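The chain contents come next:
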Amino acid sequence: MRSCDKFRPSMLVAFCVYVAISVCLGAVVCADEFTMVPAMVNVLKGVDANDSDIDAIIKECNKILKQANVQLEFSVKNIVRDVNDTGNKDGKIQLAEEIKLDEAGQKELIGKFGAGKGIKICITNKIRDKDATRGLAPHSKQENGQLTAKPIIYIKNLPKVKKESRGNDLAHETCHVLTLGKGHWIDKSRNKKAEGAHNTDDTNNLMYPHNPYRKKDGELGDRGKKLTDDQIKEIQKGAKRLGNTKVAKIRINERGIPVIYEMAPLPTVHGGFVDDMGDVGPAYIDLGAGFLYAETPSAELQISLLLEGMFPEVMDGFVIFSVYLDTDNDATTGEPFYDAVGVDKIIDVEVGLDSIIGMQPWDFRPGMPVPAYLFDVATFERTPLPSGVVERIVKILDGPDESGLPKVTDHVDGVSLRVPMELLDLTSEVVPGWVVSEDWPSFSPGDIDQVAFEWYLIVPDPPILTLSANHLKAGDQLGFTGRNFTPGSEVEISLDNKLIGTALVGPEGTFEGSLPWSEWHPSPVLDSRGFYHVTARDPSGSFGWSVVKVHPNPADLNTDGIVDSKDFSSFADNWLSTGAAIVADE
């Protein structure tokens, strides 16, 4: 056994720092993961919403989402105006128009941010002819549902309502999209789940259904901004599906002392497609959109296949959904199926076909498991997969009307699947894919829908922003470098959505610079949690980002970010008022 005199002071310091860091990290929920979800805004024709108001609403939304380490990455350059509502062009949303706008919005997101990423916000004068409705958002109807909905949010234009209240509405709807749906955990320790219209009865919680709400004294008040630890964990899952995530890792320095933070990107895998609606007969085989997501290239692949309608309650036949993959991106290998060529792997899910007794009439139930298989074209091996799940997407109309809970309406059905990535044997960074839905035993040409897509496992050369340090003291200078940005452009550097500087990108797509404390953090007050998102964005909309954690400088007693004579005055005033004594170190 080692004696105590063998325990060196440096070891004690390292141990104390490690404990302090562990306590610090443990005090903040999900402090080691940060996600940016790119966002764009459509303003319908006839809607009077100016850029500054929209920007202010999203900033207020981000202030709320920051407690979950989630941010909407947004620039007013991503506002599209005079958008056709696909109907009577009155700036109001009716149900038929909304369905078409969902499809158009998803196509825009894919074109702007890539398949499987981003959130679209549509600003309208009225939602479904309901004067009281302030927001509309989709999500899975099932508890712990895995089906990803088209992330299209509708917000009513309310120019006379303060930006904080409107930002609260947007944050509420965003959290619905980020999977705070039916039965989500509010507090596991108290066995409390969301009830009713997928919300909570706590007026201080962001997911309270009404905004504003009527207090006991009869006065109106805005709902709160709070999210519980369990809600935050759920939001992080949804945000990673639609955005870019970075992990703050503990780094050990040359003296063996742990130092936070070193930011590293989480190599999430995204993909997807969107298909034209109404191009086949039955709505329950009309493919609408699809999402592919894996948290890492070696993790489980989650597949969401959305339809443009809902399954009938009773169906005599069955439907097969097939995902065909050219895993080596070589059309000369594999086999052709329908319009697909070079197919190496097939993922099948059979809806309405019992794996034991075969075809039979069935009663549709959202949440029911359905058999799924992986077929290897080369070996003819058919491997059972974890059961798929038939799920239903609903939409919730939120507003201030307290005569009842917000209205929940059924929207579309879909199928969620899980496939271990290693079973796919992917050998290419670009994988051609096809999805086919077939209504059996019809065999009619109008009862088959198919859509092609390309699945990019690795996006080449994304913009990257690197900070001089991810762990600073108040008053420190912030250095930054960037690469893979648009050559010759001027990038905007923002701190928590506030512009703090610019930098010129050189011919190689790189830039560098630094900002003194007074410029990069002009506010004398530190964020209560100390985390700040730093973003570099070029005119094309491309962006890189990182996170910096700022600690108060112990000598900065008046917390103005500067250590000067004012701090001595602050110390003297405090010393004289409290009778404190100065004790020299021994």
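In this text, all values refer to a predicted model and were calculated from it rather than measured experimentally.

Parameters at a glance
- Residues numbered from 1 in each chain as written.
- Predicted model: local features only at pLDDT ≥ 70, side-chain atom pairs only at ≥ 80, totals over all residues.
- Heavy atoms only, no water.
- Pairing = 2+ DSSP bridges.
- Helix = DSSP H or I, 4+ residues; strand = E, 2+ residues; numbered from the N terminus.
- Axes fitted to C-alpha atoms, helices over the stretch in contact; angles between N-to-C directions.
- pLDDT = per-residue confidence, 0-100.
- Contact = heavy atoms within 4.5 Å.

Student: So, the sheet that holds strand S38 (residues 511-515): which residues are in play, and what are the values?
Tutor: Ordered in space as S33-S35-S38, the three strands form an open sheet in which the pairing is antiparallel. Across the chains shown, the open sheet's two edge strands, defined by having one partner strand only, are strand S33 (464-467) and S38. Each strand axis lies, on average, 20° off the axis of its neighbour in the sheet, ignoring direction. Sheet analysis places strand S35 (residues 478-483) next to S38, joined by five bridges and oriented antiparallel. In the sheet register, Phe 480 faces S38, and the bridge partner there is Gly 513.

Student: For the confidence of the model for the chain, give the residues involved together with the corresponding values.
Tutor: Per-chain confidence: the chain averages 84 in pLDDT, with 84% of residues scoring 70 or above. Element-level mean pLDDT values for the chain span from 39 in helix H1 (residues 9-26) up to 97 in strand S27 (residues 372-376). The model gives residues 1-31 a pLDDT under 50, and that stretch makes 31 contacts with residues more than four places away or in other chains. Long-range and interchain partners of residues 570-586, a stretch whose pLDDT sits below 50, account for six contacts in this model, where long-range means more than four residues apart.

Student: Pulling in residues and values, what's your account of the environment of Val 76?
Tutor: The residue Val 76 is located in the loop between strand S2 (70-73) and strand S3 (79-83) in this model. Separated by 465 residues in the primary sequence, Val 76 and Gly 541 have C-alpha atoms spaced 10.0 Å apart. The residues contacting Val 76, other than those within four sequence positions of it, are Asp 51 and Asp 55.

Student: For the sheet that holds strand S22 (residues 345-351), give the residues involved together with the corresponding values.
Tutor: Strand order in this open sheet of six strands is S28-S27-S22-S19-S31-S32, and the pairing throughout is antiparallel. Among the strands making up the open sheet, the edge pair consists of strand S28 (382-384) and strand S32 (448-456). Looking at each pair of strands side by side, their axes are set apart by 20° on average, direction ignored. The sheet contact formed by strand S19 (residues 318-325) and strand S31 (residues 430-440) spans eight bridges and is antiparallel. Across the sheet, the residue bridging to Leu 325 is Gly 433, located in S31.

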